[in-house]
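# Examining the three-dimensional arrangement
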There are 2 protein chains.
Amino acid sequence: MDDKLMLMIPGPTLVPETALLAMAQHPIGHRSGDFSKIMAEVIENLKWLHQTKNDVLILASSGTGAMEAGIINFLSPGDRILCGCNGKFGDRWAEVATAYGLQVEKITAEWGQALDTEKFRQHLEADQDKQIKAVIFTHSETSTGVLNDLETINGYVKAHGQALIIVDAVTSLGAVSIPVDELGLDIVASGSQKGYMIPPGLAFVAVGAKAWSAYEIAKLPRYYLDLGKYRKDAAKNTTPFTPPVNLFFALQATLRIMQGEGLENIFARHDRLKTATRTAIKALGLPLLGPDTVASPAVTAVAPPPEVEAEKLRAIMKKRFDIALAGGQDHLKGKIFRIGHLGFVCERDILSTIAALEVALIDLGYESFTPGAGLAAASRVLVKS
Amino acid sequence: MDDKLMLMIPGPTLVPETALLAMAQHPIGHRSGDFSKIMAEVIENLKWLHQTKNDVLILASSGTGAMEAGIINFLSPGDRILCGCNGKFGDRWAEVATAYGLQVEKITAEWGQALDTEKFRQHLEADQDKQIKAVIFTHSETSTGVLNDLETINGYVKAHGQALIIVDAVTSLGAVSIPVDELGLDIVASGSQKGYMIPPGLAFVAVGAKAWSAYEIAKLPRYYLDLGKYRKDAAKNTTPFTPPVNLFFALQATLRIMQGEGLENIFARHDRLKTATRTAIKALGLPLLGPDTVASPAVTAVAPPPEVEAEKLRAIMKKRFDIALAGGQDHLKGKIFRIGHLGFVCERDILSTIAALEVALIDLGYESFTPGAGLAAASRVLVKS
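Chains are numbered independently. Their residues run from 1 in the order of the written sequence. Chains carry letters from A onward and ligands carry numbers from 1 onward, assigned in written order. In view of the model being predicted, local features appear only for residues whose pLDDT reaches at least 70, and side-chain atom pairs are presented and counted only at 80 or more, with totals across whole chains, interfaces and linings using the full set of residues.

### Description of the overall build of chain A
A tally of helices and strands in chain A yields 14 helices and 14 strands. Whereas a compact globule of 385 residues would reach a radius of gyration of roughly 21 Å, chain A reaches 21 Å, a difference of no more than 12%. Dimensions of chain A, computed from the C-alpha atoms along their principal axes, are close to 60 × 55 × 35 Å. Residues are scored as being in contact if the C-beta atoms we place from backbone atoms lie within 7 Å. Partitioning the intrachain contacts of chain A with sequence separation of at least 6 by distance along the chain shows that 73% fall at a separation of at least 24. By the criteria applied, helices consist of DSSP H or I runs no shorter than four residues and strands consist of E runs no shorter than two, each listed in order from the N terminus. Just to be clear, the radius of gyration here is over C-alpha atoms, and the globule rule we use is 2.2 Å times residues to the power 0.38.

### Considering the domain arrangement of chain A
Residues and elements named next belong to chain A. For the domains described, the bounds stem from an automatic or database domain assignment. For chain A, the assigned domains are domain 1 (6–12 + 262–384) and domain 2 (17–260). For domain 1 versus domain 2, the separation of C-alpha centres amounts to 28 Å. Tallying the contact residues gives 24 residues for domain 1 and 25 residues for domain 2. Every element with two or more residues in the side of domain 1 that touches domain 2 is listed here: α11 (263–283) and β11 (299–302). Sorting elements by how many residues they give to the side of domain 1 that touches domain 2 places α11 first, with 4 residues. Its residues assigned to classes, the side of domain 1 that touches domain 2 comprises 15 nonpolar, 7 polar and 2 charged. All residues other than Ala, Val, Leu, Ile, Met, Phe, Trp, Tyr, Cys, Pro, Asp, Glu, Lys and Arg, Gly among them, are scored as polar; the first ten of these are nonpolar and the last four charged.

### Description of the packing of helix α5 (residues 117–126) of chain A against helix α6 (residues 150–160) of chain A
All names here are of chain A. Between N-to-C directions, angles cover 0 to 180 degrees, with each direction set by a line fitted to C-alpha atoms, over the stretch in contact for helices. With their axes 9 Å apart at the nearest point, α5 and α6 run at an angle of 5° to one another. Taken together, the axes of α5 and α6 lie roughly parallel to each other. Residues T117, F120, R121 and L124 of α5 form the contact with α6, whose participating residues are T152, I153, Y156, V157, A159 and H160. In terms of residue class, the contact of α5 with α6 is built from 6 nonpolar, 3 polar and 1 charged. In these notes the angle categories are as follows: under 35 degrees is roughly parallel, over 145 is roughly antiparallel, 65 to 115 is roughly perpendicular, and the rest is oblique.

### Comments concerning the relation of the copies chain B and chain A
Least-squares superposition of the copies uses the C-alpha atoms of those residues scoring a pLDDT of at least 70 in each of them. Placing chain B over chain A gives an RMSD of 0.0 Å and needs a rotation angle of 180°, together with 0.0 Å of translation along the axis. Taken together, these values place the two copies in the relation of a two-fold axis. Looking at chain B, 100% of its interface residues are interface residues in chain A too, so the copies touch through the same face.

### Considering the nonpolar core
Nonpolar side chains tend toward joint burial in soluble globular proteins. Take the buried Ala, Val, Leu, Ile, Met, Phe, Trp, Tyr and Cys residues, join any whose C-beta atoms are within 7 Å, and the set you get is a nonpolar core. Each residue is classed by its C-beta neighbour count within 10 Å, where at least 20 other C-beta atoms makes it buried, 12 or fewer makes it exposed, and intermediate counts make it partly exposed; the C-beta atoms are placed from backbone geometry. Within the largest apolar cluster, 268 residues are counted, with the highest numbers of intra-cluster contacts made by V135, I187 and V205 of chain A together with V135, I187 and V205 of chain B. Setting aside its immediate chain neighbours within four residues, V205 of chain B contacts L57, L59, A66, A69, G70, I187, A189 and L227 of chain B.

### Considering the interface of chain B and chain A
A common measure of how large an interface is: the accessible area buried when the components associate. Taken together, the contact between chain B and chain A spans 45 residues of the former and 45 residues of the latter. Of all elements in the fold, only α1 (17–23), α3 (63–72), α4 (88–99) and α10 (245–261) of chain B reach the threshold of two or more residues within the side of chain B that touches chain A. Here the residues of the side of chain B that touches chain A are counted per class, giving 26 nonpolar, 16 polar and 3 charged.

### As for the pairing of strand β10 (residues 203–207) of chain B
Working note: regular strand, side chains alternate between the two faces of the sheet. Residue and element names in this part refer to chain B. β10 sits mainly inside the fold: 5 of its 5 residues count as buried. Strand pairing is assigned whenever DSSP identifies at least 2 bridges connecting the two strands. As paired elements, strand β2 (residues 55–59) and β10 share 5 bridges and run antiparallel to each other. If you follow I58 over to β10, its bridge partner there is F204.

### As for the sheet that holds strand β3 (residues 80–85) of chain B
What holds strands together in a sheet is hydrogen bonding between their backbones, with the strands either parallel or antiparallel. All names here are of chain B. Read across the sheet, 7 strands follow the order β2-β10-β9-β8-β5-β3-β4 without closing on themselves; strand pairing throughout is mixed. Lying at the two open borders of the sheet, with one neighbouring strand each, are β2 and β4 (103–108). Sheet twist, expressed as the average angle between the axes of neighbouring strands with direction ignored, equals 20°. Bridge analysis of strand β8 (residues 164–168) against strand β9 (residues 187–191) gives 3 bridges, and the strand direction is parallel. When the bridges of β9 are listed, I166 appears paired with I187. Sheet strands in contact with α3 are β2, β5 (132–138), β8, β9 and β10, and its direction is about 165° off that of β9.

### Here's the deal with helix α12 (residues 310–321) of chain A
All names here are of chain A. Over its 12 residues, α12 extends 16 Å from the first C-alpha to the last, a length consistent with the 16 Å expected when each residue adds 1.5 Å. Burial in α12 covers these residues: A310, L313, R314 and M317. For α12, the angular spread of buried residues about the axis comes to 100°, placing them on one side. Exposed and oriented more than 90 degrees from the buried face of α12 are K319 and R320. One or two steps after α12, the chain reaches D322, where phi turns positive at roughly 55°. Helix span is expected to be 1.5 Å times the residue number reduced by one. This arc describes the spread of directions from the helix axis toward the C-beta atoms.

### Concerning unusual backbone geometry
Comment: phi is negative for the bulk of residues other than glycine, and the bulk of peptide bonds are trans. All names here are of chain A. The omega angle of the peptide bond from G11 to P12 is -5°, so this bond is cis rather than trans. Within the secondary structure, P12 is located in the loop between β1 (6–7) and α1 (17–23). At Q51, a position not held by glycine, the phi torsion is positive, near 55°. By the secondary structure assignment, Q51 is in the loop between α2 (33–50) and β2 (55–59).

### Examining the sheet that holds strand β14 (residues 337–340) of chain B
Residue and element names in this part refer to chain B. An order of β11-β14-β13 is seen for the 3 strands of this open sheet, with the pairing classed as antiparallel. In this open sheet, the two edge strands, each paired with only one partner strand, are β11 (299–302) and β13 (326–327). Bridge count for β13 against β14 is 2 bridges, and the pairing is antiparallel. Each bridged residue has a counterpart across the sheet, and for G327 the counterpart in β14 is F337. Running at roughly 15° to β11, helix α11 (residues 263–283) makes contact with β11 and β14 of the sheet.

### Some points on helix α3 (residues 63–72) of chain A
Most of α3 of chain A sits out of view: 10 of its 10 residues are buried. Among the residues of α3 of chain A, those classed as buried are G63, T64, G65, A66, M67, E68, A69, G70, I71 and I72 of chain A.

### Regarding the pairing of β8 of chain B
All names here are of chain B. For β8, the buried fraction is high: 5 of the 5 residues fall into the buried class. Neither face of β8 is exposed, since L164, I166 and D168 on one face and I165 and V167 on the opposite face are all buried. Two elements, β5 and β8, share 5 bridges in a ladder whose sense is parallel. Its bridge partner lying in β8, A134 is registered against L164.

### Here's the deal with the environment of L82 of chain B
Residue and element names in this part refer to chain B. Positionally, L82 belongs in strand β3. What makes L82 buried here is the crowd of 26 C-beta atoms within 10 Å. With near-sequence residues (within four places) excluded, L82 lies in contact with E105, I107, F120, H123, I132 and V135.

### A closer look at the packing of α11 of chain A against helix α14 (residues 373–384) of chain A
Residues and elements named next belong to chain A. In the contact formed by α11 and α14, the axes pass within 7 Å of each other and the chain directions differ by 150°. If you check the angle between α11 and α14, you find them roughly antiparallel. By crossing handedness, the relation of α11 to α14 is classed as right-handed. Judged by residue contacts, R272, T275, A276, T279, A280 and A283 of α11 engage A373, G374, L375, A376, A377, A378, V381 and L382 from α14. Note on convention: near helix rotated counterclockwise from far helix by under a right angle means a left-handed crossing. Clockwise means right-handed.

### Some details on the environment of T239 of chain B
All names here are of chain B. Mapped onto the elements of the fold, T239 is located in the loop between α9 (227–234) and α10. Judged by local crowding, T239 falls into the buried class, with 24 C-beta atoms found within 10 Å. Setting aside its immediate chain neighbours within four residues, T239 contacts H30, Y230 and D233.

### Side note on the confidence of the model for chain A
For every residue, the predictor states its confidence as a pLDDT score lying anywhere from 0 to 100. The predicted model of chain A has a mean per-residue pLDDT of 98, with 100% of residues at 70 or higher. On the interface metric, ipTM, the complex scores 0.97, and its pTM is 0.98.

Given below as structure tokens:
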């Protein structure tokens, strides 16, 4: 049907109508007092969400722009960095760093597995003369549904003492607790079309004091992504370049909704939705791409057996039920499908998705489950929690 | 009053409700066939608006991001460029180029005056060994309301034969005819919150064949702003990074509106609104910042006498009439005010603005005009044209 799409992909995510209607307002001047008031409120609430007193800067870009800013503002050509690569996005940050002439050492893991924190420890401990300037990795790998161990890797970076930690939190921010100040995270990047519950077009970079010291000596060229400019103007509740004012209207609305729900409740909801989804998928006899122990609260990747063609399944889900699921990326294209459950997602959405999935699977001739088993499993998780 | 704002600034500009409502739709997946269909239509219509068969690439950024992309994709460190500087934005492109280690020669003019095209001729003719790699300037200087002579400067660049022409058309695209292919313009950048009639958040770069050849050897680092990636993906009606899908909905709507009006009519309307505005301002005895011969069809800058404080006047216009006018930037702050008349602006808007301006001027104690004189002058222009 038209206008009936249910977006169960890991971004863009579902958007509350309050935010959509806020966005439909006539724009206002970005150099006006009215805009500054919105920006002041938004900045305060972004700091609340990031659990930080540091700067949280707002860019008009995708999450990639924010990550690029998080890298190029704090490093110089030839700097040595460690980059965790266990999915499409980890690979991308290695590409960004390489494009800017950094010396990149990759710590890799198979797509679907978490990064081995021990490898970070070894590399960082071996670096006696403190040549590693930054450690970059993706917290929640959107391409695989794996949550890397931020706390442990951060501990090793802190023990190293010199390197900055640069975290891609694009699908984890707002889905799982990231206590930026408590962990002492230097740079944390994220994007609006994920846990923030608004459409794409804004991106965020939290920057701590140690990163700002590095900024002073960093030599990579930048202008549009120069975070110093954003910091200077944010202090006056304005932006160096014309901001997407209508997306700010939407963000103001969703941050208020998030404050109403409360951080603990938001994170508990994501955890519950993740567990319900994974439990249901298992009850349907479908293999999950990664293990439960490192499962992202944002997205679940399913690797169906050969008789269930992922792309055909997605087509049925879309055509018959107006539910959009994500496919695999790069070498996982056609081999997995992904269910997004971050942002403006409630228990009903998970139940609908699992129920529809059961029908679609039967439709495809897959009969390795008792009809209703997925739904029953999800329901048990929801009733208990 | 609340919700009554009339945005007569040179961006963000007024947005048709069709576009606002389009933007308020639930987002869709950016890797879907539905999004590709929108993108295909949008690209085709952007080419129509640019009067080109070249690529017109779409970025999630402000106009500055598009201009930076227009510079860094086609040049290498140390390259010599000419940069026209006669306002805030011309100065900005010199700053961008300097940030990336280019060798910048500025051709300056006073703010409010047009760039002297002869200086471009002299510099380009003197460059016998073709070391000048690019000529960059702002077509319509938003900060002063001056339209630089694109055609003449382009002629000298073409006579030089080697240099690329990189045009900031942020407030001119959609307000005045820019026949990209006929003039052979290499790179033309613009932003969504101007003639495109949608909110800020998208930016555009038209790139011609000669520029793509330069891209092959250009060595400045880039990733998020790497136009090669956008070109490759645009060929498949997709984008390398998550696009602001809701702004695409709005753009699809306004490009259809623009097609309905027709290019000639759009440009004639802007010319008429410009002339009506300037004629009215003169009838009120207020000095214009720049001469009529180089007046931008997008924005008119007024330099009132000392007894009319520009900021007080803007405050009255805002408070009493809910009309937002722009102030001066940098050293012109407090010395001028600017009336935007680009995009979704009709004759009624100009009449309202002039009528309100008359009251605000009288309110401020300025009595150098016969009440009604501004409105009468504007009306005469509109009746005649």
